Amino acid sequence: SKRELGPGEEGVLTVGFDAGSREGPSQETVKVYFDDLTEPAFLEVTAEVRPLFSFTPELLLLKPGESVRVRMQSLKGTPFQITNIQSPVREVAFSVRDHDSPETVEIEVTLLAPLPSPPPPSEAWSIRVQTDADQIPPLSFYIAPAKER
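Figured I'd write up the structure that's included with this text. Source: prediction; values computed, not measured.

**Details of the overall build of the protein chain**
At step 1: In terms of regular secondary structure, the protein chain is built from zero helices and ten strands.
At step 2: Ordering the α and β elements of the protein chain from the N terminus gives β-β-β-β-β-β-β-β-β-β.
At step 3: Its C-alpha atoms put the protein chain at 70 × 40 × 20 Å along the principal axes.
At step 4: Summarising the internal contacts of the protein chain: among those between residues at least 6 apart in sequence, 50% fall at separations of at least 24.
At step 5: Of the roughly 10,900 Å² that the protein chain leaves accessible, carbon and sulfur atoms contribute 49%.

Below you can see the structure in the form of structure tokens.
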């Protein structure tokens, strides 16, 4: 692509950004420099960042000995596999279960022992899930101790 345009020439400016783990409305500022201006022009680029995966439920409240299945689903209908699950606590066990649909995987989560409280200000532990989907950063669902009634 041409980086400089002469007087009267036209061009297309393509802008991209790494959304990372952001979701929802996002806004970025792009600086464009011109030879005949002393200050750059600022372009505001807005986007609606939609998630590629969902977790149901996203927050687990478990007591020791309880198990819950978390459904992880591709929102674009793309088949995937889980390659790694990382937990900051050892009191949790995971078992990945295939689903009838290749766009969905179930993770059975079992709380083996009382869950320690997460460090403030967090109220839940983040469980990170890595998939084989290209260029997708690890995704998270959350687990917290269930309150005694």
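**A few points about the nonpolar core**
At step 1: Judged by nonpolar contacts, the single largest core of 22 residues is most densely connected at Ile82, Ile107, Val109, Val129, Phe141 and Ile143.
At step 2: In terms of residue count, strand S8 (residues 104-111) provides more of this core than any other element does, four residues in total.
At step 3: Beyond its immediate stretch of four places on either side in the chain, Val109 contacts Leu60, Leu62, Glu66, Ser67, Val68, Val70, Val92, Ala93, Phe94, Phe141 and Ile143.

**Looking at the sheet that holds strand S3 (residues 53-56)**
At step 1: With respect to topology, four strands assemble into an open sheet ordered S3-S5-S8-S7, the strand pairing being antiparallel. Every interior strand has two partners, whereas the edge strands, S3 and strand S7 (92-98), have only one. Across the sheet, the axes of successive neighbouring strands diverge by a mean angle of 25 degrees, strand direction being ignored.
At step 2: By the bridge criterion, seven bridges tie S7 to S8 in an arrangement that is antiparallel.

**Here we look at the side chain of Glu106**
At step 1: Here Glu106 is to be found in strand S8.
At step 2: Within the local environment of Glu106, its side chain forms a polar contact with the side chain of Arg69, the two groups lying 3.3 Å apart.
At step 3: Only 3.4 Å separates the side chain of Glu106 from the side chain of Arg71, close enough to count as a polar contact.
At step 4: In this structure Glu106 touches Arg69, Val70, Arg71, Ser95, Val96, Arg97 and His99, once residues within four positions along its chain are discounted.

**Description of unusual backbone geometry**
At step 1: Each neighbour pair has its own omega, and for Thr56 with Pro57 the value is -10 degrees, a cis peptide bond.
At step 2: Tracing the backbone shows Pro57 in the loop between S3 and strand S4 (59-62).
At step 3: Residue Pro121 is reached from Pro120 by a cis peptide bond, and omega for that bond is 5 degrees.
At step 4: The residue Pro121 is located in the loop between S8 and strand S9 (125-131) in this model.

**Let's talk about the sheet that holds S9**
At step 1: Taken in spatial order, the four strands line up as S4-S10-S9-S6 in an open sheet, and their pairing is mixed. With partners counted over all chains shown, the strands left at the sheet margins are S4 and strand S6 (82-86), one partner each. Taking each pair of neighbouring strands and ignoring which way they run, the sheet shows an average axis angle of 25 degrees.
At step 2: Alignment of S9 against strand S10 (residues 139-145), held across five bridges, turns out to be antiparallel. Bridge pairing in S10 links Trp125 to Ile143.

**Looking at the pairing of S10**
At step 1: Inspection of the sheet shows S4 paired to S10 by four bridges, in the parallel sense. The partner of Leu59 across the bridge, within S10, is Tyr142.

What counts, and at which threshold
Residues numbered from 1 in each chain as written. Predicted model: local features only at pLDDT ≥ 70, side-chain atom pairs only at ≥ 80, totals over all residues. Heavy atoms only, no water. Helix = DSSP H or I, 4+ residues; strand = E, 2+ residues; numbered from the N terminus. Contact = heavy atoms within 4.5 Å. Areas by Shrake-Rupley, 256 points an atom, 1.4 Å probe, with all protein chains shown as cover. Core = buried A, V, L, I, M, F, W, Y, C linked by side-chain atoms within 4.5 Å. Buried < 20%, exposed > 50% of the residue type's maximum accessible area, 1.4 Å probe, protein only. Pairing = 2+ DSSP bridges. Axes fitted to C-alpha atoms, helices over the stretch in contact; angles between N-to-C directions. Polar contact = N/O pair within 3.5 Å; in protein donor to acceptor, adjacent residues only side chain to side chain.

In short, shape yes, function no, at least from these values alone.
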